[in-house]
Amino acid sequence: MRPTFIALVLTASVAAQAAPPKASVRLDRALVELERSPSDSQTLRRVLDLSHAAGGLEQLVKRYQDRALAKPSLPIPRLILGHLRRASGDCASATESYRAAAERDLKMAAPHLGIAECAMVAERWSDAAAAFRVAADRERNTQRKIDVLEQLVRAALQAEQDAVAQAAFIQLVAVSPQKQLVRIHHAQALERSGRLKLAL
């Protein structure tokens, strides 16, 4: 017996419901999550991975350029635009976007972290240390604050700013639950940078 037209439609409908969502739909969902939590590196990575199957990173950059222009007072579109530009390798434009986001939200740590990471890529250690200091002061999440302080210590040592590195280390010990491990890692970093006396 041949299947009826209704049976064929119902079968196609069930199959469509069972199929995984298209890459563009999954990308949109990931972007909603990223806008809620723009400091979440795992969500950012998922956005970047999905962008390749949903028009490419360049198209996503254009999308957030348009969003930033459409909503000039909001920091999040500019922050995400900074993430996307940095992922594309354009750290100069990413830094501009991060600065624009920072100007629109004076309490947010993420734009300063982005500025610092771009400066690290260019080996501008003093600029990186300055931005990490601001990010550390504004970060409220304990684990992320620990991560930022660790990066601040490294950048300050590279910039030969021993006092800044030492102050960051003191903060790091204060907030870290693994104080002894922090001290060991700091001593190893000092030794690698040729500042063994500070480690003793």
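Above this note sits the structure.
Procedures and definitions
- Residues numbered from 1 in each chain as written.
- Predicted model: local features only at pLDDT ≥ 70, side-chain atom pairs only at ≥ 80, totals over all residues.
- Heavy atoms only, no water.
- Salt bridge = Lys/Arg side-chain N within 4 Å of Asp/Glu carboxyl O.
- Helix = DSSP H or I, 4+ residues; strand = E, 2+ residues; numbered from the N terminus.
- Buried < 20%, exposed > 50% of the residue type's maximum accessible area, 1.4 Å probe, protein only.

Draft legend 1. Quick look at the pattern of salt bridges. Enumeration according to the criterion identifies 8 salt bridges in this entry. The closest approach of N and O atoms between Glu33 and Arg46, which form a salt bridge, is 2.5 Å. Within this pair, whereas Glu33 is found in helix H2 (residues 23-36), its partner Arg46 is found in helix H3 (residues 41-51), the two being separated by 13 residues in sequence. When its relative accessible area of 34% is taken as the criterion, Arg46 is described as partly exposed. Of the charged contacts, one joins Arg67 and Glu35 as a salt bridge, the two residues approaching to 2.3 Å between their closest N and O atoms. Of the two residues, Arg67 is situated in helix H4 (residues 57-70) and Glu35 in helix H2; the sequence distance between them amounts to 32 residues. Taking the relative accessible area as the measure of exposure, Arg67 reaches 26% and is therefore partly exposed. Note on Glu35: relative accessible area 26%, which makes it partly exposed.

Distances and angles like these do not, on their own, reveal function.
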